[in-house]
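Structural overview for review
In case you want the letters, here they are:
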Amino acid sequence: MGAENKTDEEKQNGDGTLFDLNDYTIIKEGDAEILMHAKNEVFYNKTQVNNRDMSIAVLRTFISQRKQEHEAMLTRRRTKAGNKVPDAKAEIPDDSVQHNGESNDGSEVLEDASHNESCSKPEEETKNLRGKGREELKPPRVLEALSASGLRALRYAREVEGISQVVALDNDKASVEACRRNIKFNGSVACSKVESHLADARVYMLTHPKEFDVVDLDPYGAPSVFLDSAVQSVADGGMLMCTATDMAVLCGGNGEVCYSKYGSYPLRGKYCHEMALRILLASIESHANRYKRYIVPVLSVQMDFYVRVFVRIYTSASDMKSTPLKLSYVYQCTGCDSFHLQPVGRTVSKNNSVRYLPGFGPAVSQECSDCGKKFNMGGPIWSAPIHDQEWVAAILADVKSMKDRYPAYERISAVLTTVSEELPDIPLFLSLHNLCATLKCTSPSAVIFRSAVINAGYRISGTHVNPLGLKTDAPMDVIWDIMRCWIKNHPVKAQPSDQAGSVILAKEPVLQANFSRAVASLSKAQAKKVARFLPNPERHWGPKLRAGRQITSKHVSLLGPKALNGINNHENGDGSNHEDVEEPAAKRKKTEESDS
């Protein structure tokens, strides 16, 4: 792996110029190695190893599923052709041409096994083919729109079998130089598969419509400005991988900014991180719809400090009409934890036709039926499933079978395990501790509460977003009845009558809860004591500084005192620090407490 004679002090950049290897640190992740300068010139985030590992796992499954879908399509076509024409080959003259597919622009594509050697396609026609309707499936092409050091692109090329090409883009000259240097440093495999270009990702994707089977967006901050061009660059049936790290915006810190970027208004409920996922999905769908396209999510996760979605993109004007059925507004009570969803659209079937109509409303009255307070309205959000459980099972099986290939195996397997046990058709979730905080009562154990919901005839599961979150199809009046029954056996102190909890407890329960332990109160992972939520692997784990920012002592909470000292020592060259990074004891103690 890597360039030959790595111990030499001088190496060549991608453009042939020499550089001093002593000025760089070699970072190894998976099968790839990159050279990182001590100065913060090109963005590299160690924390994103979870993101990169998850992306590689999904990409491997995508290639496998794509191949299976293509084989199934060929089988259907051959069966159909066999039923129509028993001996089709006998009717085709030797000098004739059999048309087996079509290109993206609708033109027919030549593909006949007997003429493969004698008949060659024009270069531009071959370039535009993405495998649809063809006898032979072309290896997938991947676009990494914001490559920085190129580590992600290099890992894709070296670790994922079946990829023909990875195009790495960046509009920063230093990043492109670093990426080309790293491509050369990783040897012949990387050189043959990875290309690095200095370009604006938006312009590049717009000028390469439907050319890439996979487009990966992992920007520093919001991906919103890239979505319109990204959904056009993905081939039919291809995949868009998208990260959003502006969680303060997506989780309700700046609702007006979220609406301007994503077209949805966030709510600051306990479910805000899942709502962030659903806002991002709704935004991608909105951009896709403008081009008669729609999305099918296969995996959507919230990890560390960001959300990451994996969606497939298809083109169909008729299927696009179903989008309003997949979106909902959210009504969140300001007094208690009750929330309700209002679908944007509905359908009416008559004979063999389907009409698309606006959703019925209002979903709630002016005042909450549980506590009497007003509602905040947020959305629209994606309220359809955010995972494909068959995909999740396949990804998890692949990860477990190749655990040595994933540096972040423990973390991603834990996330995938929890995702595999989520109720797929339940948007958002409740927090048991929040319910108890509203009522000012001691909390039942999760097993007891789950059992009561199951015994009442409803489903319930955990969520990968929050260890205390519970997804259930039980309506809010049933949830509050269960809590009322719990409090009858665990009394609480009297509270002011105008508080939400007092109003809720003033009502007698209609449902008599059964708290006897249910068989399904523990998931399979819980029963086997499989780790589902892991602590951060080290201190100061989180987002790092944007490339080009000067690192000073105020960044100690992000990088840690040791990292700061190391950087300053390297810059000074004599081991002395021109800037005092040692902090007062009181401030240092406060930082340590906040990190613990």
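Keep in mind the model is a prediction, meaning the values are calculated, not measured. (Residues numbered from 1 in each chain as written. Predicted model: local features only at pLDDT ≥ 70, side-chain atom pairs only at ≥ 80, totals over all residues. Heavy atoms only, no water.)

1. Digging into the overall build of the protein
Within the protein one finds 20 helices and 21 strands. Burial analysis of the protein (596 residues in total) assigns 49% to the buried set. Look at the contacts in the protein between residues 6 or more apart in sequence, and 67% of them connect residues 24 or more apart. As displayed, the protein offers around 28,700 Å² of accessible surface, 51% of which is attributable to carbon and sulfur atoms. (Helix = DSSP H or I, 4+ residues; strand = E, 2+ residues; numbered from the N terminus. Buried < 20%, exposed > 50% of the residue type's maximum accessible area, 1.4 Å probe, protein only. Contact = heavy atoms within 4.5 Å. Areas by Shrake-Rupley, 256 points an atom, 1.4 Å probe, with all protein chains shown as cover.)

2. As for unusual backbone geometry
Cis peptide bonds are those with omega within 30 degrees of zero, and the linkage from glycine 361 to proline 362 qualifies with -5 degrees. In this structure, proline 362 sits in the loop between strand E17 (353-358) and strand E18 (375-382). Note the cis peptide between glycine 379 and proline 380, where omega equals 5 degrees. Here proline 380 shows up in strand E18. Positioned with a positive phi, lysine 210 is a non-glycine residue whose angle comes to about 55 degrees. As for its position among the elements, lysine 210 is in the loop between helix H6 (201-206) and strand E10 (212-217).

3. Observations regarding the sheet that holds E10
The seven strands lie next to each other as E9-E8-E7-E10-E11-E13-E12, forming an open sheet whose pairing is mixed. Unpaired on one side and paired on the other, strand E9 (194-198) and strand E12 (293-303) mark the two borders of the sheet. Within the sheet, the average angular offset between the axes of one strand and its neighbour, ignoring direction, is 15 degrees. Relative to strand E13 (residues 306-315), strand E11 (residues 234-244) runs antiparallel, the two being bridged by seven bridges. By the bridge assignment for E13, leucine 240 is matched with valine 311. Across the face of the sheet, helix H10 (residues 272-289) comes into contact with E11, E12 and E13 while running at roughly 160 degrees to E12. Sitting on the sheet, helix H11 (residues 389-401) is in contact with E11, E12 and E13, with an inclination near 50 degrees to E12. (Pairing = 2+ DSSP bridges. Axes fitted to C-alpha atoms, helices over the stretch in contact; angles between N-to-C directions.)

4. Focus: the confidence of the model for the protein
Here the protein shows a mean pLDDT of 82. Residues at 70 or above account for 77%. Note on residues 1-8: pLDDT is under 50 here. Beyond four places in sequence and across chains, it has 20 contacts. Contacts for the low-pLDDT stretch residues 566-596, under 50 throughout, to residues beyond four places or in other chains number 32 contacts. (pLDDT = per-residue confidence, 0-100.)

5. Thoughts on the sheet that holds E18
Pairing is antiparallel in the open sheet, where three strands are placed in the order E15-E14-E18. The open sheet terminates on both sides in strands that have one partner only, identified here as strand E15 (339-343) and E18. For this sheet, the mean angle separating the axes of adjacent strands, direction not counted, is 25 degrees. Across the sheet, H10 is in contact with strand E14 (327-333) and E18; its angle to E18 comes to roughly 55 degrees.

6. Digging into the pattern of salt bridges
Applying the stated rule across the entire model yields 22 salt bridges. For the salt bridge of aspartate 53 with arginine 155, the shortest nitrogen-to-oxygen distance reads 2.8 Å. Of this pair, aspartate 53 sits in helix H1 (residues 49-84) while arginine 155 sits in helix H3 (residues 151-159), and the two are 102 residues apart along the sequence. Summarising the burial analysis for this pair, aspartate 53 and arginine 155 share the class buried. (Salt bridge = Lys/Arg side-chain N within 4 Å of Asp/Glu carboxyl O.)

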